[in-house]
Amino acid sequence: IKKGYFSEKNDLWPGQCFSLEVKEVLHHEKSDFQDIVVLKTKNHGRALILDGIIQCTEHDEFAYQEMISFLPLCAHENPLKVLIVGGGDGGVAREVSKHPNVREIVQVEIDKKVIDVSKQYLPFMSLGFSSPKLALKICDGFEYMRKHKNEFDVIITDSSDPIGPAVNLFTTSYFQLLKEALKPNGIVCSQAGTVWSQLAHVQDTLTNCRRHFGTVKYAVASVPTYPTGQIGFVIGALESNANLDVPKFKFSEEEVDTLRLRYYNEKLHTASFVLPNFAKKILDT
Ligand code: AAT
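The rules we used
- Residues numbered from 1 in each chain as written.
- Predicted model: local features only at pLDDT ≥ 70, side-chain atom pairs only at ≥ 80, totals over all residues.
- Heavy atoms only, no water.
- Phe/Tyr/Trp six-rings, centres within 6.5 Å; stacked < 30°, edge-to-face > 60°.
- Helix = DSSP H or I, 4+ residues; strand = E, 2+ residues; numbered from the N terminus.
- Buried < 20%, exposed > 50% of the residue type's maximum accessible area, 1.4 Å probe, protein only.
- Pairing = 2+ DSSP bridges.
- Right-handed = clockwise from strand over helix to strand, strands pointing away.
- Axes fitted to C-alpha atoms, helices over the stretch in contact; angles between N-to-C directions.
- Near = heavy atom within 4 Å.
- Polar contact = N/O pair within 3.5 Å; in protein donor to acceptor, adjacent residues only side chain to side chain.
- Areas by Shrake-Rupley, 256 points an atom, 1.4 Å probe, with all protein chains shown as cover.
- Nonpolar A, V, L, I, M, F, W, Y, C, P; charged D, E, K, R; others polar.
- Contact = heavy atoms within 4.5 Å.
- Core = buried A, V, L, I, M, F, W, Y, C linked by side-chain atoms within 4.5 Å.
- Disulfide = S-S within 2.5 Å.

### Things to note about the packing of aromatic side chains
For the structure shown, the criterion picks out nine aromatic pairs. With centroids separated by 5.7 Å and ring planes inclined at 45°, the aromatic side chains of Y64 and F233 adopt a geometry described as tilted. Pair noted here: Y64 is in helix α1 (residues 61-75) and F233 is in strand β12 (residues 230-237), with a separation of 169 residues, a long-range link. Look at Y64 and you get buried, because its relative accessible area is 3%. For the pair F249 and F251, a centre-to-centre distance of 5.0 Å together with 85° between the ring planes defines the contact as edge-to-face. Grouping aromatic residues by their ring pairs yields a cluster made of F70, F249, F251 and Y264.

Structural data, given as structure tokens:
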């Protein structure tokens, strides 16, 4: 990557790519798991790129981190213990620690280098790691799930796309392990890609989740620097007919201000489950 434009080319979104104008390459290294780049961009602040795919940019990361965190947390009656799989930039830990009921957060990230790089270059994300509620583990999320049963109220999989180290985190067996790691009334939420260029992949992930969970839905968020400007989440509850789209916990207007919620609100929670017809047709059971 040089000065000029960084272009996010990948077969997951064939024939198109999003580009960011680069002011400076702040960091570039190869870890044991992936290629890690931090850019200073012209208009989007700093950006973290793993294996050529944009993980977050400073200016719009809040949309993704808030939605992947508060959709499952607020759909749950009382989320005391939360597991985050992935999320090496710290953004999801930052958001989860804002929920007043959460007492304990465990985070499992495979690549320590992503954490180190985020601490050095993305302090607005990595501040999540300083939460006193957080216990951070460096290991593969899939392996971790094998050893933990009946332990968590909410599990958030903030994973990279299904290539490289994250490939197992979208499979049926992963959702089975998630189910076993949950306490009764538990809820899971996973990064699940966009309906515009990956509808079949979104459908597969939903199908894999539906094999093990009683209620499974897909919710959308608008993130301009993710492919097609849209990303979605697969949300599953153990119980059937769970009302995932009606938040059980509501932030007061004061909390929205003091906790700096810039995207998530109660109406948006419900609205994010409403899908356009072409996607609804494929993704609803
Ligand atoms: N917070 C938004 C950014 C991400 S980060 C995805 C994280 O998942 C990375 O830190 C990566 O190292 C970690 N990861 C990948 N595989 C595993 C695994 N098997 N176990 C634990 N952690 C893992 C998501 C960006 C979404 C991009 C959408 N196009």
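### A look at the pairing of strand β9 (residues 152-158)
A large share of β9 lies buried, amounting to seven of its seven residues. Across five bridges, strand β6 (residues 81-86) lies against β9 in parallel orientation. Paired with I84 across the strands is I156, a residue of β9. With five bridges joining them, β9 and strand β10 (residues 182-193) adopt parallel strand pairing. Looking at the pairing, F152 lines up with L182 of β10. Crossover β9 to β10 through helix α6 (residues 172-181) is right-handed.

### A short note on the sheet that holds strand β2 (residues 19-30)
Overall, antiparallel pairing links the five strands, which are arranged β1-β2-β3-β4-β5 in an open sheet. In the strand order of this sheet, the two ends are held by β1 (4-7) and β5 (53-57), each with one partner. Strand-to-strand twist of the sheet, defined as the mean angle between neighbouring strand axes without regard to direction, takes the value 40°.

### Topic: the site of the ligand
Near the ligand you find 29 residues, and of these D89, E109, D140, D158 and D161 are the closest. At 2.7 Å, a side-chain N or O of D161 approaches a nitrogen atom of the ligand. Out of a free accessible area of 670 Å², the ligand has 99% covered by protein chains. Of all the elements in the fold, those that place two or more residues in the shell around the ligand are β5, α1 and β7 (104-109). The element contributing the most residues to the shell around the ligand is β5, with three residues. When grouped by side-chain class, the residues that make up the shell around the ligand number 13 nonpolar, ten polar and six charged.

### Considering the sheet that holds β6
Strand order in the open sheet made by the seven strands is β8-β7-β6-β9-β10-β12-β11, with mixed pairing throughout. Both outer strands of the open sheet, β8 (134-138) and β11 (215-222), are each paired with one neighbouring strand and no more. When strand polarity is set aside, the average angle formed by the axes of neighbouring strands in this sheet is 15°. Examined bridge by bridge, β11 and β12 share eight bridges and lie antiparallel to one another. Opposite V220, over in β12, you have G232 as the bridge partner.

### What about the side chain of D35?
Looking at the element boundaries, D35 is found in strand β3 (residues 35-41). Setting aside its immediate chain neighbours within four residues, D35 contacts H28, E29, K30, I49, L50 and D51.

### With respect to the nonpolar core
Ranked by internal contacts, the top residues of the largest apolar core, which has 38 residues, are L71, V96, F233, I235 and L244. When residues of this core are traced back to their parent elements, those giving at least two are α1, β6, α2 (91-96), β9, β10, β11 and β12. Ranked by residue count, the leading element in this core is α1, at nine residues. Not counting residues up to four positions away in its chain, the partners in contact with V96 are S69, L73, V82, I84, V102, I105 and I156. With 32 residues, the next largest nonpolar core counts V108, L182, L206 and Y218 among its residues.

### Thoughts on the side chain of T41
On the secondary structure map, T41 appears in strand β3. A polar side-chain atom of T41 sits 2.8 Å from the main-chain amide nitrogen of H44. Looking at T41, its side chain comes within polar contact range of the main-chain oxygen of G45, at 2.6 Å. Those residues in contact with T41 that sit more than four places away from it in its chain are L20, E21, V22, K23 and A47.

### Here we look at unusual backbone geometry
Phi is positive for N185, close to 70°, though the residue is something other than glycine. In this structure, N185 sits in strand β10.

### Some words on the state of the cysteines
The full count for this structure, using the stated rule, is zero disulfides. The closest cysteine sulfur to the non-disulfide-bonded C74 is located on C189, 11 Å from its own sulfur.

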